[in-house]
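Residue strings, one per chain:
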Amino acid sequence: MLQTERLSLRPVEQDDLDAWAAFLGDRDAIKLVHFPEPHDRQFSAQLLERTVARADGARTMYAVLTR
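Let me begin by describing the structure that accompanies this report. (Residues numbered from 1 in each chain as written. Predicted model: local features only at pLDDT ≥ 70, side-chain atom pairs only at ≥ 80, totals over all residues. Heavy atoms only, no water.)

### A few points about the nonpolar core
Here comes step 1: Membership of the largest hydrophobic core is limited to nine residues, which are Val12, Leu17, Trp20, Ala21, Leu24, Ile30, Leu47, Leu48 and Ala63.
Here comes step 2: For this core, the elements supplying multiple residues, two or more each, are α1 (17–24) and α2 (41–54).
Here comes step 3: The greatest single-element share of this core, amounting to four residues, is contributed by α1.
Here comes step 4: In this view, Leu24 contacts Ile30, Phe35, Pro38, His39, Ser44 and Leu47; residues no more than four positions away in its chain are not counted. (Core = buried A, V, L, I, M, F, W, Y, C linked by side-chain atoms within 4.5 Å. Buried < 20%, exposed > 50% of the residue type's maximum accessible area, 1.4 Å probe, protein only. Helix = DSSP H or I, 4+ residues; strand = E, 2+ residues; numbered from the N terminus. Contact = heavy atoms within 4.5 Å.)

### Considerations on the layout of surface pockets
Here comes step 1: Of the pockets and cavities examined, the largest pocket occupies roughly 460 Å³.
Here comes step 2: Around the largest pocket sit 22 residues that line it, and Trp20, Phe23, Leu47, Thr51 and Met61 are the ones nearest its centre.
Here comes step 3: Going through the elements one at a time, α1, α2 and β3 (62–66) are the ones with two or more residues in the lining of the largest pocket.
Here comes step 4: A per-class count over the lining of the largest pocket returns 14 nonpolar, three polar and five charged. (1 Å grid on protein atoms, 1.4 Å probe; cavity = no way out; pocket = protein on both sides within 12 Å on 5 of 7 lines; lining within 4 Å. Points joined across faces, edges and corners; volume = space filled by probe spheres on them. Nonpolar A, V, L, I, M, F, W, Y, C, P; charged D, E, K, R; others polar.)

Following this line, the structure appears as structure tokens:
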């Protein structure tokens, strides 16, 4: 985990599904990522599962949390 005065960064985990699904389901939020259309919770859960499984040490997706 990396911490600054205001933020904590940690690898994503299965418990992040609610936030992950909300992000991938928001048309405005995903405008600049690889998905042209919002996705449902089921797709989001599958993508998160693959992301967590593919984590390789520090090479992974990170959750950013306010402290």
